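Examining the three-dimensional arrangement
What follows is each chain in one-letter form.
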Amino acid sequence: RRPAQTLVYEKEGSDVWSTANNWTPNHMPQSNDTTIIRKGEVKSGLLNQTAPMVVEEEGIFRLIDRCKISSLSLKGGTLKIQTTNPSFSLQTDLDVTDSSTIAVGEKNSILELKGNISGNGDIYKTNNGILKVEADATKLNGSWTIKGGTLLANNNNALGPNGVFVDNGTLE
């Protein structure tokens, strides 16, 4: 096993997490590597990432199955599910540094977000699916805007102190 590194994804076209030449330097990410998705869309599922992951403004991290990521920072990027797997969960400490998007696929798609949510950015929930927030967002200084589908708060602290705006969709 090699020492932990910081790996950067900046690809257009190939979107496979486990392809070494999609990353700089040219290595397949290990669970202890810090990963930065700078540009383009990369997809993965069944991750157990112990090192931080960052999704920057032009980056998209597409979940295709359940994942556990110790620390996920959205810096204007997009967290997306668009898959035939109708329901799965993401366990993470989510830091929304800059306003970012969580895009939950089709109407029958469900993403359960578990862990903690913090940061100063706003979160835009888009697409037609359901986002079940089972996280603690008491440290989220931004607000939520629903631009499609359903946002479901599963506890009193799930959405944070700054409110939810419904532009197009449903809040439950």
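Criteria and thresholds
- Residues numbered from 1 in each chain as written.
- Predicted model: local features only at pLDDT ≥ 70, side-chain atom pairs only at ≥ 80, totals over all residues.
- Heavy atoms only, no water.
- Helix = DSSP H or I, 4+ residues; strand = E, 2+ residues; numbered from the N terminus.
- Rg over C-alpha atoms; globule rule 2.2 N^0.38 Å.
- Buried < 20%, exposed > 50% of the residue type's maximum accessible area, 1.4 Å probe, protein only.
- Contact = heavy atoms within 4.5 Å.
- Areas by Shrake-Rupley, 256 points an atom, 1.4 Å probe, with all protein chains shown as cover.
- Core = buried A, V, L, I, M, F, W, Y, C linked by side-chain atoms within 4.5 Å.
- Patch = residues over 30% accessible without salt bridge, like charges linked within 9 Å, V, L, I, M, F, W, Y side chains within 5 Å.
- Salt bridge = Lys/Arg side-chain N within 4 Å of Asp/Glu carboxyl O.
- Lys, Arg positive; Asp, Glu negative; His and termini not counted.
- Charge placed at Lys NZ, Arg CZ, Asp CG, Glu CD.

1. Quick notes on the overall build of the protein chain
Counting its regular elements, the protein chain contains zero helices and 17 strands. Relative to the 2.2 N^0.38 estimate, which gives 16 Å for 172 residues, the radius of gyration of the protein chain is 15 Å and therefore close to what a compact globule would have. Reported as C-alpha extents along the three principal axes, the dimensions of the protein chain are approximately 45 × 30 × 25 Å. Counting across all 172 residues of the protein chain, residues that qualify as buried make up 46%. Sequence-distant contacts, at least 24 apart, represent 23% of the contacts inside the protein chain between residues at least 6 apart. Counting only carbon and sulfur atoms, one obtains 44% of the accessible surface of the protein chain, whose full area is about 7900 Å².

2. Details of the nonpolar core
The biggest cluster of nonpolar side chains holds 37 residues, and the ones touching the most others in it are Phe-61 and Ile-117. Apart from residues no more than four positions distant in its own chain, Ile-117 is found in contact with Leu-94, Val-96, Ile-123, Val-133, Ala-135, Asp-136, Ala-137, Thr-138, Lys-139, Leu-140, Trp-144 and Ala-158.

3. A closer look at a negative patch on the surface
On the surface, Glu-12, Glu-57, Glu-58 and Asp-98 cluster together to form a negatively charged patch. Among the structural elements, Glu-58 can be located in strand S5 (residues 53-63). With relative accessibility at 54%, the residue Glu-58 sits in the exposed group.

4. Considerations on the pattern of salt bridges
Enumeration according to the criterion identifies nine salt bridges in this entry. Of the charged contacts, one joins Asp-33 and Arg-2 as a salt bridge, the two residues approaching to 2.6 Å between their closest N and O atoms. Here the residue Asp-33 occupies a position in the loop between strand S2 (23-24) and strand S3 (34-44), and Arg-2 occupies one in the segment before strand S1 (6-10), the gap between them amounting to 31 residues. Residue Asp-33 is classed as buried on the basis of its relative accessible area of 0%. In this structure Arg-2 comes out as buried when scored by relative accessible area, which is 18%. For Asp-167, the salt bridge goes to Lys-147, with nearest N and O atoms at 3.3 Å. Note that Asp-167 is positioned in the loop between strand S16 (164-166) and strand S17 (170-171) and Lys-147 in the loop between strand S14 (144-146) and strand S15 (150-153), a separation of 20 residues in sequence. Residue classification places Asp-167 among the exposed positions, given a relative accessible area of 52%. Each of Glu-112, Lys-114, Lys-132 and Glu-134 takes part in one network of salt bridges that share partners.

What is shown is where atoms sit, not what they do.
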